Structures are given as C-alpha cells and as structure tokens.
Amino acid sequence: MPTAPTSILLLHGLGGSGEGSVKLLEQTLRKRGWNHTVYHRPTLMMVHESLPERPLEQRFRQAVQELDTFLAGRVPHLTLGFSFGGLLAPSQRRMAVCSPWHRLPAEVISMASARPGLAVLNGECDTEVPADLSFQALPENVSGTLDPEGTHFFDDWMDRIAVWAQATWERPNGDS
C-alpha cells in the first residue's frame, strides 16, 4: 500500500467549519486507507464568520495569522483546503480545491505559490470559483487538474477529491 502522510491539515472555506466538508473528506480518506494519519480540522473564525465588509486580502492575512497560532510551530506533512482554505496552506505539500486565486492580488498569489509542492483541483461546473479564472491567476509553475463534473458543493464529489488527493500525494513533487 502507498505511503500516506503522517499528518494532514484540512481547511474549510468561507462560512465553513472543521465539522463540515473537511470532516467528510477525513472520513473518505480514512476509508481509502489513510486511517493512521493524524488529521487536524480547525475552525478558523476569520474564515468561518460572515464578514462581508472585510476585503478578501485582509481576511487572508488575518486567517494566516490565526492558522499560525493554531499550529504553534507544527507543520503538517500535507495541507488540503477547500475554496478559501486552499489559499492558506502552510505545508511543503499543499493541495487546493476550487480556490479563488483570481480574487487575490498578484503579490499574495506569488507568495502562496512560491514554494514547490502546490497542486490545484477545480471543478469545471463550479460557478462560484470558475476554473478558467482560477487557473489563469496561477503562475506557470503551478499546474492544475480539472474535474469535468466538479462544483463548489464538495460533498457531491468527495470521492473524486479523495482519489485526486491520494494520487497527487503519490507523485514525487505533488504535481497535478
């Protein structure tokens, strides 16, 4: 059996929590053989709370600070985030699912994608985070995978997300 990461940080999107889709992803990954992995599913208040008056860049920076506090110096082997949570990934190996890269300033995208090990998955049917805009915002060194039926309703295609995550983990550099 392929080697699983020893620890995974699962991050929810705006309005979500550690008890939503990321919990379902953990359950799915465990069923698929990653059952000895340590999972972390924090609810990040800066991402969870409805704060429409805050610009996305400000929310991003505050969420990164909140995540740093939660981790307290720990660095998980893998971080996988849904939507906004995919923008925050602190690990060397990072996976982002339907993340709104196109809504962040180029400087923030450059900072988030500067290190190798970022893999991006988007759903072609996602109307909230259109795949073409998200992929266009990424630097050339970051490749992406397009799921032809994926939407922003992650629970509906969680099995395919888990298959992609495990396959991407098995690739040497995590490239999609």
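Our structure is the block above this text.
Each value, and the rule that gives it
- Residues numbered from 1 in each chain as written.
- Predicted model: local features only at pLDDT ≥ 70, side-chain atom pairs only at ≥ 80, totals over all residues.
- Heavy atoms only, no water.
- Salt bridge = Lys/Arg side-chain N within 4 Å of Asp/Glu carboxyl O.
- Helix = DSSP H or I, 4+ residues; strand = E, 2+ residues; numbered from the N terminus.
- Buried < 20%, exposed > 50% of the residue type's maximum accessible area, 1.4 Å probe, protein only.
- Pairing = 2+ DSSP bridges.

(A) Seen up close, the pattern of salt bridges. In total, this model carries five salt bridges according to the counting rule given. We note a salt bridge from R41 to E19, for which the minimum N-O separation is 3.3 Å. With R41 in the loop between β2 (38-40) and α2 (45-48) and E19 in the loop between β1 (7-11) and α1 (21-31), the pair connects residues that are 22 residues apart, well separated along the chain. Note on E19: relative accessible area 51%, which makes it exposed. Its salt-bridge partner being E26, residue R30 comes within 2.9 Å of it at the nearest N-O pair. Here R30 pairs with E26, and both are found in helix α1, just four residues apart, close to one helical turn. According to the relative accessible area criterion, R30 is partly exposed, its value standing at 31%. By relative accessible area, E26 is classed as buried at 12%.

(B) View of the pairing of strand β3 (residues 78-82). For β3, the buried fraction is high: five of the five residues fall into the buried class. Alternating residues of β3 divide into L78, L80 and F82 and T79 and G81, and every residue in both groups is buried. In terms of strand pairing, β1 meets β3 through four bridges, oriented parallel. When the sheet's bridge partners are listed, L10 is paired in β3 with L80. Alignment of β3 against strand β4 (residues 93-97), held across five bridges, turns out to be parallel.

Function cannot be read off these values alone, since they describe shape.
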